[in-house]
Amino acid sequence: MAFTLPPLPYDYDALEPHIDKLTMEIHHDKHHQAYVDNLNKAIAGTENENKSLEELVKNAGTYSAAVRNNAGGNWNHTFFWQIMSPDGGGKPEGKLAQAIDETFGSLDAMKEKFNAAGAGRFGSGWAWLGVADGKLTICSTPNQDNPLMDVAECKCTPVLGCDVWEHAYYLKYQNKRGDYLKQFWDVVNWKKASENFENAQ
Ligand code: MN3
């Protein structure tokens, strides 16, 4: 079964003014589509053809670079679209809010640490808030790796993640990755993040 591009769960302009329509069109329809297409090419006719995306991601280090990069690209972007919402922003509630306060001291302190992880990632990659051994942690991964991969330096189950590749922000923010990361919090879908947190427990 070949992988297909999941539809964006909202309109291309739904995250305006924080993330612009053209960026979303190119990011979803061109970049994410390319990861899906290249993953299908990389596994076609091989023993990996019928493996799930989760399995390809988990054991990424045992496959070719093409499988690792494009399975990661497909998983990461599918996750990313869901962790943002036109009704996003504000504050987390319940257990996730409590865990953020306990681990980082405050929501603002967590955001600062997350943004530093994203800003400090040299070149392209992702910043993550995740759960490891029942506790929240923040880290970043290079390229299209993620913390579920066997090759990850920081292993955790993602609660939320932010794409810090230039293609995610360059049209609106140019070189100002830090400004993009600040705006990201205004579209974070905390409801989805809470679901991810509770499923990771
Ligand atoms: Mn991207």
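For the structure itself, look to the data block above.
Note that this is a predicted model, so its numbers are computed, not measured.

> Lay out the overall build of the protein chain in plain terms, naming residues and giving numbers.
Secondary structure summary: the protein chain contains eight helices and three strands in total. From first element to last, N terminus to C terminus, the protein chain shows the α and β order α-α-α-α-α-β-β-β-α-α-α. Dimensions along the principal axes, computed over C-alpha positions, put the protein chain at roughly 50 × 40 × 30 Å. Looking at the 201 residues of the protein chain, the share that counts as buried comes to 48%.

> Requested: an account of helix H3 (residues 65–82), with residues and values cited.
Taking 1.5 Å of rise per residue, the 18 residues of H3 would be expected to cover 26 Å, and the 26 Å separating its terminal C-alpha atoms lies within 8% of that figure. Listed in full, the buried residues belonging to H3 are Val67, Asn70, Ala71, Gly72, Gly73, Asn74, Trp75, Asn76, His77, Phe79, Phe80 and Trp81. Looking at the packing, one finds that the buried side of H3 touches helix H1 (21–43), helix H2 (53–58), strand E1 (125–132), strand E3 (157–163), helix H7 (177–184) and helix H8 (190–200).

> Describe the pattern of salt bridges, naming the residues involved and giving the relevant values.
Tallied over the full model, the rule gives two salt bridges. Between lysine 192 and glutamate 195 there is a salt bridge, with the nearest N and O atoms lying 3.6 Å from each other. Of this pair, lysine 192 and glutamate 195 both sit in helix H8, three residues apart, which is roughly one turn of the helix. Judged by its relative accessible area of 22%, lysine 192 is partly exposed. On the basis of relative accessibility, which here comes to 40%, the residue glutamate 195 falls in the partly exposed class.

> Please set out the coordination of the manganese ion residue by residue, giving values where relevant.
On the protein side, the manganese ion has His27 (NE2), His77 (NE2), Asp163 (OD) and His167 (NE2) as donor atoms, found 1.9 to 2.1 Å from it. Sequence spacing of the donors to the manganese ion: H-x49-H-x85-D-x3-H. Highlighted residues: histidine 77 in helix H3 and histidine 167 in the loop between E3 and helix H6 (170–173), separated in sequence by 90 residues. Of the two residues, histidine 77 and histidine 167, neither departs from the other in class, the shared state being buried.

> Could you give me a rundown of the environment of glutamine 201, with the residues and numbers involved?
Examined against the element boundaries, glutamine 201 turns out to sit in the segment after H8. Glutamine 201 sits in the exposed class, given a relative accessible area of 56%. Taking the C-alpha atoms as reference, glutamine 201 lies 7.7 Å from valine 131; in sequence the two are 70 residues apart. Sequence-distant contacts of glutamine 201, defined by excluding residues within four places in its chain, comprise Val131 and Gly134.

> Tell me about the sheet that holds strand E2 (residues 135–142), and name the residues and values.
Pairing is antiparallel across the open sheet formed by three strands, whose spatial order is E2-E1-E3. Edge positions in the open sheet fall to E2 and E3, since each of these has one partner strand only. Strand-to-strand twist in this sheet, taken as the mean axis angle between neighbours without regard to direction, amounts to 20°. Sheet analysis places E1 next to E3, joined by six bridges and oriented antiparallel. Across the sheet, residue glycine 130 finds its bridge partner in E3, namely proline 158.

> Tell me about a nonpolar patch on the surface, and please be specific about residues and values.
Together, Leu22, Ile26 and Leu171 line one region of the surface with nonpolar side chains, adding up to about 250 Å² of accessible area. In this fold, leucine 22 is placed in helix H1.

> A description of the packing of aromatic side chains should follow, citing residues and the corresponding values.
Summed over the entire model, instances satisfying the criterion amount to 13 aromatic pairs. Measuring from ring centre to ring centre gives 6.3 Å for phenylalanine 80 and phenylalanine 184, while their planes differ by 20°; the resulting arrangement is stacked. Residue phenylalanine 80 is located in helix H3, and its partner phenylalanine 184 is located in helix H7; the two are separated by 104 residues in the primary sequence. Of the two residues examined, phenylalanine 80 and phenylalanine 184, each falls in the buried class. Note on phenylalanine 184 and tryptophan 185: the rings are 5.5 Å apart at their centroids and 65° apart in plane angle, and the pair reads as edge-to-face. Tryptophan 185 matches phenylalanine 184 in its accessibility class, with the two residues each being buried. Taken together through their ring pairs, the aromatic side chains of Trp75, Phe79, Phe80, Trp81, Phe114, Trp126, Trp128, Phe184, Trp185 and Trp190 make up a single cluster. Here lysine 172 stacks its cationic end above the ring of tyrosine 173, 5.7 Å away from the centre of that ring.

Reading the values: the criteria
Think of each chain on its own: its residues are numbered from 1, step by step along the sequence as written. Since the coordinates come from a predicted model, pLDDT governs what is reported: local features require at least 70, and pairs of side-chain atoms require 80 or more to be given and counted, while whole-chain, interface and lining totals use all residues. To get the side-chain values, take all heavy atoms of the structure and skip hydrogens and water. For helices the rule is a DSSP run of H or I covering at least 4 residues; for strands it is a run of E covering at least 2, with both sets numbered from the N terminus onward. Exposed residues in this analysis have more than 50% of their type's maximum accessible area, buried residues have under 20%, and partly exposed residues fall in between, with area computed by a 1.4 Å probe over protein chains only. Between the first and last residue of a helix there are one fewer steps than residues, each counted as 1.5 Å, and that sum is the expected span. Contact criterion: two residues are considered in contact whenever any of their non-hydrogen atoms come within 4.5 Å of each other. Salt bridge, as applied in this entry: a Lys or Arg side-chain nitrogen positioned within 4 Å of an Asp or Glu carboxyl oxygen. In this analysis a donor is any N, O or S atom within 2.8 Å of a metal ion (3.2 Å for sodium, potassium and calcium), and since water is not included, sites may seem incomplete. DSSP bridges decide pairing: two strands pair if at least two such bridges lie between them. Between N-to-C directions, angles span 0 to 180 degrees; the directions come from axes that are lines fitted to C-alpha atoms, helices contributing only their stretch in contact. Patches here: salt-bridge-free residues with over 30% relative accessible area, like charges joined within 9 Å, nonpolar side chains (Val, Leu, Ile, Met, Phe, Trp, Tyr) joined within 5 Å. In these tables, accessible area is a Shrake-Rupley quantity obtained with a 1.4 Å probe, and a residue counts as shielded only by the protein chains included in the view. Any Phe, Tyr or Trp ring, taking Trp's six-membered ring, that has another such ring centre within 6.5 Å forms a pair; planes under 30 degrees apart are called stacked, those over 60 apart edge-to-face, and the others tilted. Charge-over-ring placement is defined geometrically: NZ (Lys) or CZ (Arg) within 6 Å of the ring centre, and within 35 degrees of the ring normal.

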